[in-house]
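Structure assessment
Given next are the chains, with one letter for each unit.
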Amino acid sequence: MALLAFASTSCKEDTEPRLNTPGKFVLNTPPMANIPYLLTAQSSVNLTVSQPDYGGVAVVPVYSVLASYDETLSFDENGQPANFVELEGRYTTAAFSVPGEALAMAICSLSGYDTPESFGDAPRKVYLAVKAEVPNCSYSTVYSNVICLASVTPYFAIKLPAKIYLVGAPQGWDINSSAMTLSESNDAIGSNVFTGTFTISADDAAGGFRFYTALGNWGDNGALPSIGAAADDGDNQSVAVNDQGIYQGACVNGKGNWNISNWPGGDMKITVNLNNMRVVFEKVN
């Protein structure tokens, strides 16, 4: 921790000692580089690097791994890798294990596999490089040489938008139906914010609904998979939209329904934010 704290302040122009901008450092070729890798969620690729020389200053660089189908690392006009994608995961030691899932996700990105139907599992050469940088010090970034893994067989590993489901009067109280699905947006995967727009009648809005993170199980009071207006089944909340056709309020893990007393019928945009546990029901034209 002390080393990291020092690293975060050591590259100011008026601070001594100042880090030197390092030259390239070495990513070692793994002993099994020519042996086929069959990626799984439990597999890993072991890598080792030589630590960059920052002029004798004791800092702990952070390493990240890049992958490509090209054997030469090239850069765009902003100095960023143009033909390599960066894997998930950061490392602070010179020897580390890259999860098979992280590499499989990178391969899916490189190949444009965005659905299971588009996926191809043929073995392929994959080239790796490592980026090293000291936190909060932009000029400390340096890239290693490129190595080749001769045969890597991926699996379909891509983060898709998470979903939750409206269950209630608008869809017939069917705990197995995904007819009314709210989803994260494609550019906000992992945001935990879900939206959907549905045509809901006045009677169905008054009849009540709640949300589920998974279908097939009604769940228990005060617990997932249900998300409602109150914790207990039957503790339903009668709410109303304002003059602009909007209701905003809290949600909890539980089975209490929202019953909208004055919904005029029509398209309702629903937003469920599981970060701050808030919901918005909004009339849209």
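Quick note: structure is the one above.
As a starting point, this report considers the structure included with it.

Calculation notes
Residues numbered from 1 in each chain as written. Predicted model: local features only at pLDDT ≥ 70, side-chain atom pairs only at ≥ 80, totals over all residues. Heavy atoms only, no water. Phe/Tyr/Trp six-rings, centres within 6.5 Å; stacked < 30°, edge-to-face > 60°. Helix = DSSP H or I, 4+ residues; strand = E, 2+ residues; numbered from the N terminus. Buried < 20%, exposed > 50% of the residue type's maximum accessible area, 1.4 Å probe, protein only. Polar contact = N/O pair within 3.5 Å; in protein donor to acceptor, adjacent residues only side chain to side chain. Contact = heavy atoms within 4.5 Å. Salt bridge = Lys/Arg side-chain N within 4 Å of Asp/Glu carboxyl O.

This next bit is on the packing of aromatic side chains. Tallied over the full model, the rule gives 14 aromatic pairs. Where Tyr63 meets Phe96, the ring centres are 6.2 Å apart and the plane angle is 20 degrees; that geometry is what we call stacked. In this pair, Tyr63 sits in strand 3 (residues 62-68) while Phe96 sits in strand 5 (residues 95-99), placing the two residues 33 residues apart along the sequence. Relative accessible area serves as the criterion here: at 7%, Phe96 is assigned to the buried category. Here the aromatic rings of Phe209 and Phe281 are separated by 5.3 Å at their centres, their planes lie at 65 degrees, and the arrangement is edge-to-face. Pair noted here: Phe209 is in strand 12 (residues 209-212) and Phe281 is in strand 19 (residues 278-284), with a separation of 72 residues, a long-range link. Taken as a pair, Phe209 and Phe281 share a single burial class, namely buried. Linked through ring pairs, Phe209, Phe211, Tyr247, Trp258 and Phe281 together constitute an aromatic cluster.

Before going further, it helps to spend a moment on the side chain of Asn273. With respect to the helices and strands, the residue Asn273 is situated in strand 18 (residues 266-273). Within the local environment of Asn273, its side chain forms a polar contact with the backbone nitrogen of Asn275, the two atoms lying 2.8 Å apart. Those residues in contact with Asn273 that lie beyond four places of it in its chain are Asn192, Val193 and Arg278.

Now for the pattern of salt bridges. Opposite charge on two side chains allows them to pair when their charged atoms are near. With the rule as written, the count across this model stands at five salt bridges. The salt bridge involving Lys131 is made with Glu86; its shortest N-O contact spans 3.2 Å. With a gap of 45 residues between them, Lys131 in strand 6 (residues 124-134) and Glu86 in strand 4 (residues 85-86) connect regions that are remote in the sequence. Between Lys159 and Glu88 there is a salt bridge, and its shortest N-O distance comes to 3.1 Å. Of the two residues, Lys159 sits in the loop between strand 8 (147-153) and strand 9 (163-168) while Glu88 sits in the loop between strand 4 and strand 5, which places them 71 residues apart along the sequence. Judged by relative accessible area, which is 43%, Glu88 ranks as partly exposed. One salt-bridge network, held together by shared partners, links Glu86, Arg90, Lys131 and Glu133.

Moving on, we get to the environment of Phe194. Along the chain, Phe194 turns up in strand 11 (residues 193-200). With 71 residues separating them along the chain, Phe194 and Pro123 place their C-alpha atoms 36 Å apart.

As a further point, take the environment of Val134. The topology assignment puts Val134 in strand 6. Looking at Val134, the relative accessible area reads 2%, which means it is buried.

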